[in-house]
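The chain contents come next:
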Amino acid sequence: MSLEPPFRKIIHVDMDAFFASVEQLDQPELRGIPLAVGGGGKRGVVAAASYEARAFGVRSAMSGIMASRLCPQLIFVPPRFERYKEVSAQISTIFRQHTDLVEPLSLDEAYLDVTHHKKGNPSASLIASEIRTEILKLTGLHASAGISINKFVAKIASDINKPNGQKTIPPEEVLSFLENLDIRKFFGIGKVTADKMYGLGIFTGADLKLKSEDFLETHFGKSGRYFYRAVRGVHHSEVSPERIQKSVGAERTFNENISSEVFLEGKIIALAEELSKRLGRSKLSGKTITLKLKYADFNTQTRSKTLPYFIANKDLIIAAATELLYQEVLSNSVRLLGISMGKLNNEKKEAIKGPPVSVQLNIDF
Ligand code: DCP
Ligand code: CA
Ligand code: CA
């Protein structure tokens with residue numbers, strides 16, 4: 001069985017060791033050495049690790065303490081988000097010279113639909129290579145890219161020849177590529193799901209393909225149906241430039257754990273102020289308030305409340321969040337507190353749709 005055209009041409013671009021590379025670019029004395037962005041202080045967590053640091057096993061999301069144990073000479077630098085946003089805007093400008101269908105996933109990565117390329121280049125692989133060259137010229141930074149028929153495969157592909165590389169999975173190779181793929185590499189399968197799959201004897205795409213849609217739904221719910229289709233190369237999700245924001249939030253990790261609601265109340269006020277400001281900046285309001293508590297044992301609890309009307313006002317957020325705080329007793333001392341607003345008043349905004357795909361596109365990948 002092979003995939004049927006028409007195919008879209010999707011590029012996923014992702015910057016290499018993003019925060020760390022920006023720091024090495026701006027501070028030449030940091031080049032060529034093991035570097036971590038973030039991770040300082042007692043509670044610090046590594047946001048990004050330079051490739052020199054990765055050689056020692058340092059990874060993002062690792063505690064700073066663990067990281068310096070693995071690599072004693074590791075240098076920690078604080079993040080500079082404004083600078084990362086500036087670079088992000090620069091790469092965005094480059095993307096938009098090639099297509100209007102750009103969907104940013106985070107500051108350092110985006111999907112591009114180049115099925116209809118602005119400059120008329122018929123080869124998605126060449127476009128990706130051009131984009132990477134332009135990024136290097138404009139920012140001084142390296143990017144990697146994945147090129148294929150849908151977002152799912154393009155995203156996985158961009159990791160294959162990282163750093164400073166790209167990989168094309170043309171239509172005729174998509175099915176075998178997915179069959180041979182380790183299930184842990186599937187986009188949307190995290191560690192927990194991967195362990196569950198392993199337990200069910202699913203290690204590769206080929207194993208996954210042997211399972212029925214019902215079987216996968218029984219074990220993985222709605223995601224099961226998504227996995228069933230994805231492994232067959234079916235992933236119709238369009239590159240939508242105006243991804244609708246689902247929630248806005250603010251959270252804080254404390255230097256010392258907090259074990260009393262009274263002290264958390266004070267934190268709620270600061271968080272609500274920040275959240276209200278963020279909502280204001282995006283001209284949003286919402287109906288669902290969620291309070292997130294991460295306990296000393298790293299268990300996370302969320303408590304939500306949906307109001308019959310939209311709010312963005314600080315005092316109303318404080319009132320709702322405080323009510324949630326006292327809803328039940330704390331199960332442990334708290335190391336992180338977060339408030340987020342969901343059910344935003346932007347849900348009806350229609351995303352810009354891409355042009356329809358035409359049939360001649362199964363060539364020139
Ligand atoms: N980031 C973060 N916290 C995480 C993961 C990432 O703050 N837990 C930040 C720092 C990264 C940036 O986001 O530099 C991009 O994340 P990536 O997952 O794309 O990782 P890198 O760009 O650092 O490395 P890679 O070269 O593997 O893409
Ligand atoms: Ca990256
Ligand atoms: Ca990324």
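Located above this text is the structure these notes cover.
I will try to describe carefully the structure that is included in this document.

Reading guide: rules and limits
Residues numbered from 1 in each chain as written. Chains lettered and ligands numbered in written order. Predicted model: local features only at pLDDT ≥ 70, side-chain atom pairs only at ≥ 80, totals over all residues. Heavy atoms only, no water. Donors = N, O, S within 2.8 Å, 3.2 Å for Na, K, Ca; no water. Helix = DSSP H or I, 4+ residues; strand = E, 2+ residues; numbered from the N terminus. Buried < 20%, exposed > 50% of the residue type's maximum accessible area, 1.4 Å probe, protein only. Near = heavy atom within 4 Å. Polar contact = N/O pair within 3.5 Å; in protein donor to acceptor, adjacent residues only side chain to side chain. Areas by Shrake-Rupley, 256 points an atom, 1.4 Å probe, with all protein chains shown as cover. Nonpolar A, V, L, I, M, F, W, Y, C, P; charged D, E, K, R; others polar. Domains from an automatic or database assignment. Salt bridge = Lys/Arg side-chain N within 4 Å of Asp/Glu carboxyl O.

**So, the coordination of the calcium ion (ligand 3)**
Next, step 1: In this structure, Asp14 (OD), Asp108 (OD) and Glu109 (OE) serve as the protein donors to the calcium ion (ligand 3), at separations of 2.2 to 2.4 Å.
Next, step 2: One chain supplies every donor for the calcium ion (ligand 3), spaced along it as D-x93-D-E.
Next, step 3: In this structure the calcium ion (ligand 2) is found 3.5 Å away from the calcium ion (ligand 3), and Asp14 serves as a bridging donor for the pair.

**Topic: unusual backbone geometry**
Most peptide bonds take the trans configuration, and most residues that are not glycine carry a negative phi.
Next, step 1: Looking along the chain, the bond that leaves Lys162 and enters Pro163 is cis, with omega of -5°.
Next, step 2: Note that Pro163 resides in the loop between α6 (151-157) and β8 (166-168).
Next, step 3: In this structure, Asn164 takes a positive phi of about 50° despite not being glycine.
Next, step 4: Considering the arrangement of structural elements, one finds Asn164 in the loop between α6 and β8.
Next, step 5: Since its relative accessible area comes to 40%, Asn164 is described here as partly exposed.
Next, step 6: Even without being a glycine, Phe298 presents a positive backbone phi close to 70°.
Next, step 7: As for its placement among the helices and strands, Phe298 is situated in the loop between β10 (286-295) and β11 (300-311).

**Some thoughts on the site of ligand 1**
Next, step 1: Taken together, 14 residues surround ligand 1, and among them Asp14, Ala17, Phe18, Tyr51 and Arg54 come closest.
Next, step 2: A distance of 2.7 Å separates an oxygen atom of ligand 1 from a polar atom in the backbone of Ala17.
Next, step 3: Look at ligand 1: alone it shows 550 Å² of surface, and the protein chains cover 67% of it.
Next, step 4: A class-by-class count of the residues in the shell around ligand 1 yields eight nonpolar, one polar and five charged.
Next, step 5: Residue assignment places the shell around ligand 1 across two domains, with domain 1 (10-16 + 82-171) and domain 2 (18-80) each supplying three or more.

**Things to note about the pattern of salt bridges**
Next, step 1: Going through the model one piece at a time under the given rule, you end up with 24 salt bridges.
Next, step 2: Asp195 is the salt-bridge partner of Lys191, the closest N and O atoms lying 2.8 Å from each other. Within this pair, Lys191 and its partner Asp195 are both found in helix α8 (residues 191-199), separated by four residues, close to a single helical turn.
Next, step 3: Here Asp195 falls in the partly exposed class, since its relative accessible area comes to 44%.
Next, step 4: For Arg225, the salt bridge goes to Glu217, with nearest N and O atoms at 2.6 Å.
Next, step 5: Among the residues examined, Glu217 registers a relative accessible area of 30% and is labelled partly exposed.
Next, step 6: The network of salt bridges with shared partners includes Glu23, Asp26, Arg80, Arg83 and Glu86.

Function cannot be read off these values alone, since they describe shape.
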